[in-house]
Amino acid sequence: MKRRLLFVAVLLLALVVQAEGKWSGDGWLLERPGAVPILFLSGTPEEMGRQHGALLKDRIATTYSRILLVAGGYLYLKDDWFFDRIEEVERRVGAVLPDRFLRECDAMSAAAGLTRAQGRALNLFPEMFHCSGIAARGKATRGGQVVHARVLDYMRDIGLQKTSVLQVFMPKGFHAWISVGFAGFNGTVTSMNEKGLAMGEMGGRGEGKWDGLPMSYLMRRVMEECVTVEEALALIRATPLTCTYYYVLSDASGNLAAVEADVGKPLQVLRPGEKHPLLGKTFEDVVYVTAPKRMPALVSRLEENYGRIDAETMCAIIKRPVAMASNLHNAIFLPETREVLFSIAGAKSVACDEPYDKVDFMELLARYRAARTSRP
């Protein structure tokens, strides 16, 4: 009888653990009904790569199939073979790209059933193609809190949203950080770390300028190695760059900056309220970057809501036409409390029209550590 009760207890515990997620080593995939899954990765580059590949194998295959669609479009539009250019990107960024990122990528590829070349192509393809960002504080926001919005307008029509995943990276020896990302992607374009440093990007021109650190891995280095906006700016200044990118940075102390990072030129840093010839009206305690066609709507909404901007208001500010028809995902970062609100595009809808999911990053880290300790 005791053996039978013990068996039942173990079975019930196994069912609870299964309901709470799936493990691979110290990697944890937390599935949530009707919501984007959360992937926790922890340890060395090889360990995190194996966890990633094992837990998201099917989704990674889907991501790679989406990349093949991009490759076909590239061939059609440019009369050039996509994978030849990817090989060129890999060759030219090799001197700057930290080896630990490639080791993680290769371990992920092996665990997911991709070749090394396929996994690297999946992670380097953002460099081949060339969004809005806003951060506000102080007088511009309700209660003076820092509110940082990131709008990703990027290839919604190829179905990349199907592989969306909220990624929590806990690399050994570096800061933990959270990314609104995609299965198989170990760089980032939308992220915040445990110290409250948040970052988003907007692509510019400069395809072919690849003798530097790819944008997604530059952002990862910032997340893992920096605590403040000023530390992030110092790292970007000291790093060989690729192409032209615009960044919006914020941190838990209330520091904000918009950045133009162009190969071969000094870093251009715009502080809150500073004027720039490419921007419209400026606002005290606000920085933003956006494309010219979206600027009138953005400026009008900032002006209308100035002094009472909070997370909910920011979600309304970045609706179309500030977001574009390609709006793949959005994120609202609250660096002081480490909270993130994010929305993902639907099959036929843009991200800004979808409901937002809200997570507390520090609670997620605590939940992971408790689950890791209590698992059988």
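As a reminder, the structure under discussion sits directly above these lines.
Every value quoted in this text rests on a predicted model; they were computed, and no experiment measured them. (Residues numbered from 1 in each chain as written. Predicted model: local features only at pLDDT ≥ 70, side-chain atom pairs only at ≥ 80, totals over all residues. Heavy atoms only, no water.)

> Quick rundown of the overall build of the chain? Include the residues and the values.
When helices and strands are counted, the chain shows 11 helices and 16 strands. Against the globule reference of 21 Å for 376 residues, the chain gives a C-alpha radius of gyration of 21 Å, in line with a compact fold. Along the first, second and third principal axes, the C-alpha set of the chain runs to 80 × 50 × 40 Å. By the burial criterion, 58% of the 376 residues in the chain qualify as buried. Total accessible area on the chain is roughly 15,900 Å²; 55% of this is exposed by carbon and sulfur atoms. Across the chain, 47 positive and 43 negative side-chain charges occur, with their mean positions spaced 4 Å apart. (Helix = DSSP H or I, 4+ residues; strand = E, 2+ residues; numbered from the N terminus. Rg over C-alpha atoms; globule rule 2.2 N^0.38 Å. Buried < 20%, exposed > 50% of the residue type's maximum accessible area, 1.4 Å probe, protein only. Areas by Shrake-Rupley, 256 points an atom, 1.4 Å probe, with all protein chains shown as cover. Lys, Arg positive; Asp, Glu negative; His and termini not counted. Charge placed at Lys NZ, Arg CZ, Asp CG, Glu CD.)

> Talk me through the packing of aromatic side chains; I want residue IDs and the actual numbers.
Two aromatic rings, taken as a pair, are described by how far apart their centres are and by the angle between their planes. Evaluated as defined, the whole model comprises 10 aromatic pairs. Pairing W23 with W28 gives two aromatic rings, centres 5.3 Å apart and planes at 10 degrees, and the pair type is stacked. With relative accessibility at 1%, the residue W28 sits in the buried group. Taken together, a centroid distance of 5.4 Å and an interplanar angle of 15 degrees make the contact between F40 and Y368 stacked. In this pair, the class of F40 matches that of Y368, namely buried. Taken together through their ring pairs, the aromatic side chains of W23, W28, F40 and Y368 make up a single cluster. Positioned above the aromatic ring of F174 is the side chain of R100, whose terminal nitrogen or guanidinium carbon lies 3.9 Å from the ring centre. (Phe/Tyr/Trp six-rings, centres within 6.5 Å; stacked < 30°, edge-to-face > 60°. Lys NZ or Arg CZ within 6 Å of the ring centre and 35° of its normal.)

> Please provide a residue-by-residue account of empty space enclosed by the protein, values included.
Of the voids in this model, the largest cavity is the one considered here, and its volume is about 60 Å³. Together, L270, R271, G273, E274, L279, T282, F283, V286, V287 and Y288 line the largest cavity. Broken down by element, the lining of the largest cavity gets its largest block of residues, 3 residues, from strand β13 (residues 286-289). Of the residues assigned to the lining of the largest cavity, the class counts are 6 nonpolar, 2 polar and 2 charged. Empty space within the second largest cavity amounts to approximately 30 Å³. What lines the second largest cavity is simply S132, G133, H148, A149, G200, E201, M202, Y247, V248 and V289. At the level of secondary structure, the elements contributing two or more residues to the lining of the second largest cavity comprise β4 (132-136), β5 (147-153), β9 (198-203) and β10 (244-250). With 3 residues, the top contributor of residues to the lining of the second largest cavity is β9. Taken together, the residues that form the lining of the second largest cavity break down as 5 nonpolar, 4 polar and 1 charged. (1 Å grid on protein atoms, 1.4 Å probe; cavity = no way out; pocket = protein on both sides within 12 Å on 5 of 7 lines; lining within 4 Å. Points joined across faces, edges and corners; volume = space filled by probe spheres on them. Nonpolar A, V, L, I, M, F, W, Y, C, P; charged D, E, K, R; others polar.)

> Any details on the packing of helix α7 (residues 215-225) against helix α8 (residues 229-237)? Residues and values, ideally.
Across the interface, α7 lies against α8 with an axial gap of 10 Å and an inter-helix angle of 140 degrees. In terms of their interaxial angle, α7 and α8 are classed as oblique. Considering only the axes of α7 and α8, their crossing is right-handed. Seen from α7, the contacting residues are L218, R221, V222 and E225; seen from α8, they are E231, A232, L235 and I236. Across the contact of α7 with α8, the residue classes break down as 5 nonpolar, no polar and 3 charged. (Axes fitted to C-alpha atoms, helices over the stretch in contact; angles between N-to-C directions. Parallel < 35°, antiparallel > 145°, perpendicular 65-115°, else oblique. Left-handed = near helix turned anticlockwise from the far one by under 90°. Contact = heavy atoms within 4.5 Å.)

> If you had to explain the packing of helix α2 (residues 45-55) against helix α5 (residues 99-112) to someone new, which residues and values would you point to?
Close contact between α2 and α5 brings their axes to 7 Å; oriented N to C, the two are set at 35 degrees. Our pair here, α2 against α5, has a crossing hand that is right-handed. From α2, P45, E46, M48, G49, R50, H52, G53 and A54 reach across to α5, where they touch R100, R103, E104, A107, M108, A111 and A112. In terms of residue class, the contact of α2 with α5 is made up of 7 nonpolar, 3 polar and 5 charged.

> So what's going on with the side chain of D357? Residues and values would help.
You can see D357 is positioned in strand β16 (residues 357-360). With relative accessibility at 19%, the residue D357 sits in the buried group. One polar contact links D357 to R32, side chain to side chain, over a distance of 2.6 Å. (Polar contact = N/O pair within 3.5 Å; in protein donor to acceptor, adjacent residues only side chain to side chain.)

> Talk me through the nonpolar core; I want residue IDs and the actual numbers.
I134, V222, Y247, Y288, L302 and I332 are the most contacted members of the largest nonpolar core, which has 103 residues in total. For this core, the element with the most residues is α7, which contributes 6 residues. Beyond its immediate stretch of four places on either side in the chain, I332 contacts V147, H148, A149, A311, M314, C315, I318, E339, V340, L341 and Y356. Membership of the second largest hydrophobic core comes to 24 residues, among which are L166, I178, I344 and A371. (Core = buried A, V, L, I, M, F, W, Y, C linked by side-chain atoms within 4.5 Å.)

> Go over unusual backbone geometry, please, and point to the residues and values.
Excluding glycine, a negative phi dihedral is what most residues carry, and trans is how most peptide bonds are arranged. In this structure, the amide linkage connecting R320 to the following residue, P321, adopts the cis form with an omega of 10 degrees. Tracing the chain through its elements places P321 in the loop between α10 (311-317) and β14 (327-334). One non-glycine residue, M155, lies in the positive phi region at around 50 degrees. With relative accessibility at 18%, the residue M155 sits in the buried group. Look at D285: it is not a glycine, yet its phi comes out positive at around 70 degrees. Tracing the sequence through the fold places D285 in the loop between β12 (268-270) and β13. The exposure class assigned to D285 is buried, which follows from its relative accessible area of 12%.

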